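Chain by chain, the residues:
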Number of protein chains: 4
Amino acid sequence: MYKKKLKMIHTTHRLRVRYGETDPMKYVYYGNYAEYLEVARVELFRTLGMSYNEIEKRGIWLPVSEYKIKYLKPALYDEMLEIHTFIKKKPGVRIIFDYEIFNESKQKITEATVTLYFLDSLKNKITTCPEYLMQLIENNWVVPENL
Amino acid sequence: MYKKKLKMIHTTHRLRVRYGETDPMKYVYYGNYAEYLEVARVELFRTLGMSYNEIEKRGIWLPVSEYKIKYLKPALYDEMLEIHTFIKKKPGVRIIFDYEIFNESKQKITEATVTLYFLDSLKNKITTCPEYLMQLIENNWVVPENL
Amino acid sequence: MYKKKLKMIHTTHRLRVRYGETDPMKYVYYGNYAEYLEVARVELFRTLGMSYNEIEKRGIWLPVSEYKIKYLKPALYDEMLEIHTFIKKKPGVRIIFDYEIFNESKQKITEATVTLYFLDSLKNKITTCPEYLMQLIENNWVVPENL
Amino acid sequence: MYKKKLKMIHTTHRLRVRYGETDPMKYVYYGNYAEYLEVARVELFRTLGMSYNEIEKRGIWLPVSEYKIKYLKPALYDEMLEIHTFIKKKPGVRIIFDYEIFNESKQKITEATVTLYFLDSLKNKITTCPEYLMQLIENNWVVPENL
């Protein structure tokens, strides 16, 4: 039997929970995960070969249109989290990031999906994924080894 | 023809966008809406007759298990937003808040759903909605006038 | 005996501590006061007759050059704080805001000073307080009644 | 001539500016530096040999009593900042951290001082630096090489 291996982009990023990000329950405040996910996708872009900052300088903004997150277990102060970021579908006018966050005990604590769209910041109009970015995505579109 | 009017809880809260909450696009950063929604549901509890602070002091925590948000239009610096908060289903072990946020031009800019669960903070165990809170919800369970 | 009454600008603003702003000590995280002070001075400008947003739209930015704060007592979750904001010296290239924050028990919990400078955002050059703003400050430059 | 070399503790920590931490001026929002400084002193404790989390678990809290910061130049989105943290005076009931932050061009952009005090969290009473922490500070009290 043959099972097709799916191509995608997959990167990981590790970050440590800051004191100011936790709440009186000693959990990471539920609103602060959005910033963790932003950091993780910015590092994905850097891994592909172009920083998000450079994309913005070229006139493309990436506002978020939709965000879903499931909190399976709390993240605690000072924990080193490992964030797995995936692009599983080639972008058009939208680009979708899937996430899984693991704690130090290798437990999955969070699943999330963030949908962004490409905006021409000068014209203030929705556009498609720019060619230079699509090329970088194509170059890195592989069957992930470690999944 | 008869159309049944749905009973629910519905409150509104207004808040102004802070400078530190906006990003280089001059939009409210996508992660900061979670705090707006928290403020709105805390004010809903206060309207029902018991502050969230009081609920915590009685040993009940309300961690978030799921959060979904659609960003229809950006919220801008200094705008006064109007947040509509709804409980449409009586709580069990979970309590679900639905939200709609409107800008100053009365445009709907955001739709969101936040699911929380009741946690006995001493036993660290999931529990059902405490009786004193359920009573307040029952007392306020009406067909909303203004929808 | 004669004691000269000092003229100044003095406004007050009230805001409620949000859950996400508190930390595992159940205190407002020390970094979050900066945003409270920003909100208070933005409301001072609005009281004078021009929003900070309008000042920015006229090409003036007000970056912070210095910030000092003493934490006398902690601010707690859900407390309604009263922030007193003062301009005691007429602005030149700098504008200095003094602050006192009181909790619900009328205890002073914080003293702070924030120094900002006027920046011509197009030329990216330091400038002096614009005439339209100085006029509003002059108009409101009085001996405060309630001190 | 002899110039006495001062002993102290000196550590460095690098962190990257996040998108959500910047404001419409594309600068790091002035309130967000407090969290950077917290991260830097937490890493100093870890370098000494005990995490801040462990100190809290042993019943000692370290609330901030005073905080001063000068913003010499703005920090920009995506910059990798280098934070130098110093303890120049052995702690008593207070512990004072001095900071200098440098940008990628090795320019000093910020100077800051944060004063914290030792609080026995069970008794809710001010106390002196615990012996186990003082020992770690003594062990690392040296003339810094790289200054």
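Bear in mind that the values here come from a model prediction, so they are computed numbers and not experimental data. Note that residues are indexed from 1 along each chain, following the sequence as it is written. In the order they appear in the text, chains get letters beginning with A and ligands get numbers beginning with 1. Predicted model: local features are reported for residues with pLDDT of at least 70 only, side-chain atom pairs are reported and counted for 80 or more only, and whole-chain, interface and lining totals are derived from all residues. The side-chain numbers reported here are obtained from all heavy atoms of the structure, hydrogens and water having been left aside.

### Observations regarding the overall build of chain A
So the rule is basically this: Counting from the N terminus, the helices are the DSSP runs of H or I reaching at least four residues and the strands are the DSSP runs of E reaching at least two. Residues are treated as being in contact if the distance between any of their heavy atoms lies within 4.5 Å. All accessibility values rest on the Shrake-Rupley procedure with a 1.4 Å probe; residue burial counts only the protein chains present in the view. A residue counts as positive if it is Lys or Arg and as negative if it is Asp or Glu; His and the chain ends are not included. By convention, the charge on Lys lies at NZ, on Arg at CZ, on Asp at CG and on Glu at CD.
Looking only at helices and strands, one finds three helices and seven strands in chain A. In sequence order, chain A lays out its α and β elements as β-α-α-β-β-β-β-β-β-α. A sequence separation of at least 24 residues applies to 68% of the contacts in chain A between residues at least 6 apart. Taken as a whole, chain A presents about 7100 Å² of accessible surface, with 50% of it coming from carbon and sulfur. Taken as two groups, the 23 positive and 19 negative side-chain charges of chain A have centres that lie 6 Å from each other.

### Brief notes about the interface of chain D and chain C
Threshold: The quantity reported as buried area is the accessible area (1.4 Å probe) lost by two parts once they are put together, taken as the sum for both. Here a polar contact is taken to be a pair of N or O atoms separated by no more than 3.5 Å, where protein atoms must pair a possible hydrogen donor with a possible acceptor and residues adjacent in sequence count only if both atoms sit in side chains. Residue type decides the class: Asp, Glu, Lys and Arg count as charged, Ala, Val, Leu, Ile, Met, Phe, Trp, Tyr, Cys and Pro as nonpolar, and the leftover types, Gly among them, as polar. At least two bridges found by DSSP between two strands are what make those strands a pair.
Counting residues at the interface gives 25 residues for chain D and 24 residues for chain C. Across the chain D/chain C interface, buried area totals approximately 2100 Å², and carbon plus sulfur atoms make up 61% of it. Where chain D packs against chain C, one counts 10 residue pairs in polar contact (both at pLDDT 80 or more). Where the side of chain D that touches chain C is concerned, the elements lending two or more residues are α1 (33–48), β3 (64–71) and β6 (108–120) of chain D. Here the side of chain D that touches chain C is composed, by residue class, of 15 nonpolar, three polar and seven charged. Judged from the five bridges that link them, strand β3 (residues 64–71) of chain C and β3 of chain D form a sheet pairing that is antiparallel. For Lys 70 of chain C, the partnering residue across the bridge sits in β3 of chain D and is Glu 66 of chain D.

### A few points about the interface of chain B and chain A
Note the following rule: For this document, the term salt bridge refers to a Lys or Arg side-chain nitrogen within 4 Å of an Asp or Glu carboxyl oxygen.
Contact residues are listed per partner, giving 25 residues for chain B and 25 residues for chain A. Interface area lost by chain B to chain A is led by Met 25, Tyr 30 and Tyr 67 of chain B, which between them contribute 29%. Scanning the region where chain B abuts chain A turns up zero salt bridges. There are 10 residue pairs in polar contact (both at pLDDT 80 or more) connecting chain B and chain A. When contributions to the side of chain B that touches chain A are tallied by element, the ones reaching two or more residues are α1 (33–48), β3 (64–71) and β6 (108–120) of chain B. The greatest single-element share of the side of chain B that touches chain A, amounting to eight residues, is contributed by β3 of chain B. Taken together, the residues that form the side of chain B that touches chain A break down as 15 nonpolar, three polar and seven charged.

### Some remarks on helix α3 (residues 131–139) of chain D
Every α-helix carries 3.6 residues per turn, so stepping three or four residues along brings you back to the same face. All names here are of chain D. As a reminder, the rule being used: Summary of the burial criterion: residues with accessible area below 20% of their type's maximum are buried, those above 50% are exposed, and those between are partly exposed, where the area comes from a 1.4 Å probe applied to protein chains only. In this description, one arc is meant: the one made by directions from the helix axis to the C-beta atoms.
Inspection of α3 places Leu 133, Met 134, Leu 136 and Ile 137 among the buried residues, and these make up the whole buried set. Buried positions in α3, seen along its axis, are confined to an arc of 160 degrees and lie on one side of it. With respect to the buried face of α3, the exposed residues turned more than 90 degrees away are Glu 131 and Asn 139. Taken together, the buried residues of α3 touch β1 (9–16), α1, α2 (52–57), β5 (94–102) and β6.

### Regarding the relation of the copies chain B and chain A
Keep this limit in mind: The copies were overlaid with a least-squares fit restricted to C-alpha atoms from residues scoring a pLDDT of at least 70 in each copy.
Aligned on chain A, chain B shows an RMSD of 0.0 Å; the corresponding rotation is 180 degrees and the shift along the axis is 0.0 Å. Taken together, the rotation and translation relating the two chain copies correspond to the operation of a two-fold axis. Every residue of chain B has its C-alpha some distance from the rotation axis, and the shortest such distance is that of Lys 68 of chain B, at 2.2 Å. Interface overlap between copies: 100% of the residues of chain B at the interface are likewise at the interface in chain A, consistent with a symmetric, same-surface contact.

### Examining the side chain of Ser 65 of chain B
Summarising the element assignment, Ser 65 of chain B is placed in strand β3. Its relative accessible area of 17% is what places Ser 65 of chain B among the buried residues.

### Concerning the packing of aromatic side chains
How we decide: Between 30 and 60 degrees the pair is tilted, below 30 it is stacked and above 60 it is edge-to-face, where a pair is any two Phe, Tyr or Trp rings, Trp via its six-membered ring, whose centres lie within 6.5 Å.
Counted according to the given criterion, the structure contains 50 aromatic pairs over all chains. An angle of 80 degrees between the planes, with centres 5.6 Å apart, marks the rings of Tyr 19 of chain A and Tyr 52 of chain D as edge-to-face. Pair noted here: Tyr 19 of chain A is in the loop between β1 (9–16) and α1 (33–48) and Tyr 52 of chain D is in helix α2, and the two residues belong to different chains. Taking relative accessible area as the criterion, Tyr 19 of chain A reaches 5% and is therefore assigned buried. The buried category is assigned to Tyr 52 of chain D, whose relative accessible area is 7%. Arranged with centres 6.2 Å apart and planes meeting at 65 degrees, the rings of Tyr 30 of chain B and Tyr 71 of chain B form a pair that is edge-to-face.

### Concerning the pattern of salt bridges
If you walk through the whole model with that rule in mind, you get 46 salt bridges over all chains. One salt bridge in this structure joins Arg 16 of chain A and Glu 43 of chain D, with 3.7 Å as the shortest N-O distance. Of this pair, Arg 16 of chain A sits in strand β1 while Glu 43 of chain D sits in helix α1, which puts the two residues in different chains. You can call Arg 16 of chain A partly exposed: its relative accessible area is 24%. Among the residues examined, Glu 43 of chain D registers a relative accessible area of 18% and is labelled buried. Between Lys 108 of chain D and Glu 100 of chain D there is a salt bridge, with the nearest N and O atoms lying 3.7 Å from each other. Overall, the relative accessible area of 27% leaves Lys 108 of chain D in the partly exposed class. Look at the salt bridges and you will find they share partners, linking Arg 18, Glu 21 and Glu 35 of chain B together with Arg 18, Glu 21 and Glu 35 of chain C into a network.

### Observations regarding the environment of Arg 41 of chain B
Tracing the backbone through its elements, the reader meets Arg 41 of chain B in helix α1. For Arg 41 of chain B, a relative accessible area of 6% translates into the label buried. As a C-alpha pair, Arg 41 of chain B and Phe 97 of chain B span 56 residues in sequence and 7.6 Å in three-dimensional space. If we skip the residues at most four places from it in the chain, Arg 41 of chain B touches Tyr 30 of chain A together with Val 64, Thr 85, Phe 97, Tyr 99, Val 114 and Leu 116 of chain B.

### With respect to the confidence of the model for chain A
To be explicit about the condition: Think of pLDDT as the predictor's per-residue confidence, scored from 0 to 100.
Averaged over every residue, the pLDDT of chain A is 95; residues scoring 70 or more account for 96%. For this predicted complex, the interface score ipTM comes out at 0.94, while the overall pTM is 0.95.

### A look at the side chain of Glu 79 of chain A
Counting through the fold element by element, Glu 79 of chain A comes out in the loop between β3 (64–71) and β4 (80–87). Comment: no salt bridge for buried Glu 79 of chain A; closest opposite-charge side chain is Lys 57 of chain D, at 9.0 Å. The residues contacting Glu 79 of chain A, other than those within four sequence positions of it, are Leu 15, Arg 16, Val 17, Pro 74, Asn 103 and Glu 104 of chain A.

### Here's the deal with unusual backbone geometry
The phi dihedral of Lys 106 of chain C falls on the positive side, at around 65 degrees, and the residue is not glycine. Following the sequence through the fold, Lys 106 of chain C ends up in the loop between β5 (94–102) and β6 (108–120). One non-glycine residue, Asn 124 of chain D, lies in the positive phi region at around 55 degrees. Looking at the element boundaries, Asn 124 of chain D is found in the loop between β6 and β7 (125–127). Looking at Asn 124 of chain D, the relative accessible area reads 53%, which means it is exposed.

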